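Observations on the three-dimensional arrangement
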Amino acid sequence: MDLVRRRAAGAPLQYLTGLAGFRYLELQIGPGALVPRPETESLAGRAIEVLPPRGTVIDVGTGAGPIALSIAHERPDARVIGTEISEQAMQWARKNRGQLGLDVELILCDLFEGVPNPLRGRVDVVVSNPPYVSESERDALPVEVADHEPEIALFSARDGLEIFERIAVSAKGWLRDGGVLLSEIGDRQAGVVARLLTHLGYTSPAIREDLVGRPRIAEARWRG
Ligand SMILES: C[S@@+](CC[C@H](N)C(=O)[O-])C[C@H]1O[C@@H](n2cnc3c(N)ncnc32)[C@H](O)[C@@H]1O
């Protein structure tokens, strides 16, 4: 009855069961980390596709680790790094890494701040599902999200694009020539994101669709 009451009050089902499926993995999940979403499975899949053999990938804002852990699981040849600013979210990522026995370097830091310096200019793929909800969209969020998932995982200033822009600017210093930036975006952000990537000097910006055909993945190459 306690579970039913919490669910009726809007607690996400995955916080109550403590489990979330993502690609081939079953992840432990709970308050403090975003519940991994099906659309993010396409983003992780694209990162796996573009990553060259024995490539290096950084997952910025790894949360409970769905993207980083899936890449490590499906591409054991890769070097996988996940960064995260929230200690609470990072605890879930560490728990999942331990439980699944996967090789991911987890770094508690702001964006790329704690990534080892020798990796500058050598990273093949930067992938992120950043917070991208704008303040003006707050009232439209379902109660499961607005009242239960962490603010820091959801909201970003400047129409939801501040964190995305900071990632795109910083990623230029970490990607190798020809390296790929991949980011989940809100479905109304495609136009402005494509223009921003071009403005920042990325080439061939493209917006990919998720499984239901919404423009949700931004992809571009860095020509350093
Ligand atoms: C939308 S959630 C994505 C979580 C997970 N990657 C996923 O796809 O389910 C965004 C994540 O970015 C983290 N984050 C927000 N700002 C950050 C920053 N400046 N540096 C690192 N991580 C950040 C949040 O704590 C949150 O875990």
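Quick look at the site of the ligand
Around the ligand, 22 residues are found, and the nearest of them are Gly61, Gly63, Ile85, Asn129 and Ala153. Of all the elements in the fold, those that place two or more residues in the shell around the ligand are helix H4 (66-74), strand S4 (79-84) and helix H7 (151-154). Grouping the amino acids of the shell around the ligand by side-chain chemistry returns 13 nonpolar, seven polar and two charged.

Some points on the pairing of strand S5 (residues 105-108)
Relative to S5, S4 runs parallel, the two sharing four bridges. When the sheet's bridge partners are listed, Glu84 is paired in S5 with Leu108. Since S4 and S5 lie parallel, the crossover through helix H5 (residues 87-100) that links them has a hand, and here it is right-handed.

Brief notes about the pairing of S4
The buried fraction of S4 amounts to six of the six residues, a majority that puts the element mostly inside the structure. Residue alternation in S4 divides its side chains into two sets, Arg79, Ile81 and Thr83 and Val80, Gly82 and Glu84, and both sets are buried. Here strand S3 (residues 56-60) pairs with S4 via five bridges, running parallel. Paired with Asp59 across the bridge in S4 is Gly82. For the crossover that starts at S3, traverses H4 and ends in the parallel S4, the hand is right-handed.

Considering H5
Residues that lie three or four places apart on an α-helix share one face, since the helix turns once every 3.6 residues. For H5, with 14 residues, the first-to-last C-alpha span of 20 Å sits near the 20 Å given by 1.5 Å per residue. When H5 is considered as a whole, its buried residues turn out to be Ala89, Met90, Trp92, Ala93, Asn96 and Arg97. Across the axial projection of H5, the buried residues extend over an arc of 155 degrees, all falling on one side. Seen from the buried face of H5, the exposed residues on the opposite side, beyond 90 degrees, are Glu87 and Gly98. For H5, the secondary structure elements touched by its buried residues are strand S2 (25-28), H4, S4, S5 and H7. Just past H5, the residue Gly101 takes up positive phi, approximately 65 degrees.

Here we look at the packing of helix H3 (residues 38-50) against H4
One can describe the packing of H3 onto H4 by two numbers: an axis separation of 10 Å at closest approach and a directional angle of 45 degrees. Taken together, the axes of H3 and H4 lie oblique to each other. Crossing of H3 against H4: the hand is right-handed. Contacts from Thr40, Leu43, Ala44, Ala47 and Ile48 of H3 reach H4 at Pro66, Ile67, Ser70, Ile71 and Glu74.

Concerning the confidence of the model for the chain
Mean pLDDT over the chain works out to 97, with 100% of the residues at or above the 70 mark. Mean pLDDT values for the elements of the chain range from 94 in helix H6 (residues 143-146) up to 99 in S3.

Focus on H4
With eight of nine residues buried, H4 lies mostly within the body of the structure. Among all positions in H4, only Pro66, Ile67, Ala68, Leu69, Ser70, Ile71, Ala72 and His73 are buried.

Definitions and limits used
- Residues numbered from 1 in each chain as written.
- Predicted model: local features only at pLDDT ≥ 70, side-chain atom pairs only at ≥ 80, totals over all residues.
- Near = placed C-beta within 6 Å.
- Helix = DSSP H or I, 4+ residues; strand = E, 2+ residues; numbered from the N terminus.
- Nonpolar A, V, L, I, M, F, W, Y, C, P; charged D, E, K, R; others polar.
- Pairing = 2+ DSSP bridges.
- Right-handed = clockwise from strand over helix to strand, strands pointing away.
- Buried ≥ 20, exposed ≤ 12 C-beta atoms within 10 Å, placed from the backbone.
- Expected span 1.5 Å × (residues − 1).
- Arc of directions from axis to C-beta.
- Contact = placed C-beta atoms within 7 Å.
- Axes fitted to C-alpha atoms, helices over the stretch in contact; angles between N-to-C directions.
- Parallel < 35°, antiparallel > 145°, perpendicular 65-115°, else oblique.
- Left-handed = near helix turned anticlockwise from the far one by under 90°.
- pLDDT = per-residue confidence, 0-100.

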